[in-house]
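Secondary and tertiary structure notes
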Amino acid sequence: MTHNRRDFLKRAGLLAASGALIGANDCNSGKQNSQSNKGSKKMELTYKEYELKLKHVFTIAKNSRTTTPDMQVRIHYKGYTGYGEAAMPPYYPENPKSAKKFYEKLDLGQFKDPFQIEKILNYVDNVAEGNHFAKASIDIALHDLVGKLMDYPWYKIWGYDKTKTPSTSFTIGIDEPEMVKKKTEEAERFNVLKVKLGGGNDKEMINSVRSVAPEKPLYVDVNGGWKDKHKALDMVNWLEEQGIEFVEQPMPKDQIEDIAWLTQNSSLPIMADESVQRIQSVLDAYQVYDGINIKLMKCTGMREAHKMINLARSLNMKVLMGCMTATSCSISAAAQLAPAIDWADLDGNLLISNDPYEGVQVVDGKLVLPERPGIGIKPIKKI
Ligand code: MG
């Protein structure tokens, strides 16, 4: 038997074994999945489209929907699997088709090992412009993989105190008063609620929530729904009387001077969301907003989010971490950074009915990080 033939038979045997162990349908639609996943000495990327089913119709200032398109990503290396995700709400420019096109351009097999995180993610970043969500999915899978190889969760690798995680808010979308009351009742186990405004019924929304939860701390997210700065300030003053803690993206992101004026005159912290994408925009938000909302999907993942937190802190800015509707994969990845932030809005996994993972938990309203390595998730059903 020649050496090559022996290698071939060995690989074929491993392939059969790995198929039996991980299931033939484990995320196998990627073109780089031509070899065995288990035991491969080169990183291999696989990916699969997944539709997130929402528990309730979700309405914000811009639209309503019942599902969210999503890509589930895996990086396989030496028998380990790193999990990643791109959750892609329809009001963003990316979708599963654009993500697949991006993944097809990647060759992770060229890197010696996954520990070269900076080198690998700089390469991923330079393969094509944009594609922040797709890039985030690779970043998350790589972090999960490296954490698993080191056998530590990322909060520990970064040196954070896991007891310092904040409570997560639970989001109440724009709706009719009866539905808002019902959702508020259902959210009883959360210490904080985030109420979506900007749909033309702002006071009705707050009054409906307050009728069920008179004392609960509330955050408000306007998604750029207010256009006039004087009316915006009147509303901020009214919201302060209602016990609101901060106002997120009160006006459209291009009304920079109006927002800076509002921030200067507001008694509540004014937070940037749509105005903030990657690290450069932290500097753009400085002295326009009091703080920033970081989302892994917008900023290309955990590596950049970690840098943005450090930069915002050095500028004395507040930090909120938010999310898309997503599985426990990207939510648990974001939660690894939660001990370093002021406020968390990491409820995206709780808004869906088909979460395939178990990860970060909400206990007495607070985010509780698992002890599992990497991003801390385990699959609980096949996708
Ligand atoms: Mg927001």
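Higher on the page you've got the structure.
So, here's what we can say about the structure. As the structure is a computational prediction, the values presented were derived from the model and not from experiment.

1. Considering the coordination of the magnesium ion
Bound to the magnesium ion on the protein side are Asp221 (OD), Glu248 (OE) and Asp273 (OD), at distances that span 2.1 to 2.2 Å. Read in sequence order, the donor residues for the magnesium ion give the motif D-x26-E-x24-D. One end of the pair, Glu248, is in strand E7 (residues 244-248); the other, Asp273, is in the loop between strand E8 (270-272) and helix H10 (280-285), and 25 residues separate them in sequence. Residue Asp273 is classed as buried on the basis of its relative accessible area, which comes to 2%.

2. Topic: helix H8 (residues 229-241)
Spanning 13 residues, H8 covers 19 Å between terminal C-alpha atoms, matching the ideal 18 Å at 1.5 Å per step. Three or more residues of H8 are buried, namely Ala232, Leu233, Met235, Val236, Trp238 and Leu239. Residue Asp228 occupies the N-cap position of H8, its side-chain oxygen lying 2.9 Å from the main-chain nitrogen of His230. A positive phi of about 80° marks Gly243, the residue just after H8.

3. Points about the nonpolar core
Counting residues in hydrophobic clusters, the biggest one holds 112 residues, and the most contacted among them are Tyr103, Trp226, Leu239 and Met321. Considering each element in turn, this core owes the most residues, nine residues, to helix H4 (residues 132-150). Taken domain by domain, the makeup of this core includes at least three residues from each of domain 1 (39-151) and domain 2 (157-379). Once you skip the residues sitting within four places of it in the chain, Trp226 turns out to touch Leu197, Gly198, Asp202, Ala232, Met235, Val236, Leu239, Val247, Pro250, Met251 and Pro252. By size, the runner-up hydrophobic cluster in this structure holds six residues, among which are Tyr219, Phe246, Met271 and Leu320.

4. Some remarks on the packing of aromatic side chains
The way to describe two aromatic rings as a pair is by their centre distance and the angle between their planes. Applying the stated criterion across every chain yields a total of 11 aromatic pairs. Seen in terms of ring centroids, Trp158 and Tyr160 are 6.0 Å apart; in terms of plane orientation they differ by 50°. Their pairing is tilted. Cluster of aromatic residues (ring-pair linked, three or more members): Tyr91, Tyr92 and Phe133. Over the aromatic face of Trp261 sits the side chain of Lys229, whose NZ or CZ is 4.7 Å from the ring centroid.

Conventions and cut-offs
- Residues numbered from 1 in each chain as written.
- Predicted model: local features only at pLDDT ≥ 70, side-chain atom pairs only at ≥ 80, totals over all residues.
- Heavy atoms only, no water.
- Donors = N, O, S within 2.8 Å, 3.2 Å for Na, K, Ca; no water.
- Helix = DSSP H or I, 4+ residues; strand = E, 2+ residues; numbered from the N terminus.
- Buried < 20%, exposed > 50% of the residue type's maximum accessible area, 1.4 Å probe, protein only.
- Expected span 1.5 Å × (residues − 1).
- Polar contact = N/O pair within 3.5 Å; in protein donor to acceptor, adjacent residues only side chain to side chain.
- Core = buried A, V, L, I, M, F, W, Y, C linked by side-chain atoms within 4.5 Å.
- Domains from an automatic or database assignment.
- Contact = heavy atoms within 4.5 Å.
- Phe/Tyr/Trp six-rings, centres within 6.5 Å; stacked < 30°, edge-to-face > 60°.
- Lys NZ or Arg CZ within 6 Å of the ring centre and 35° of its normal.

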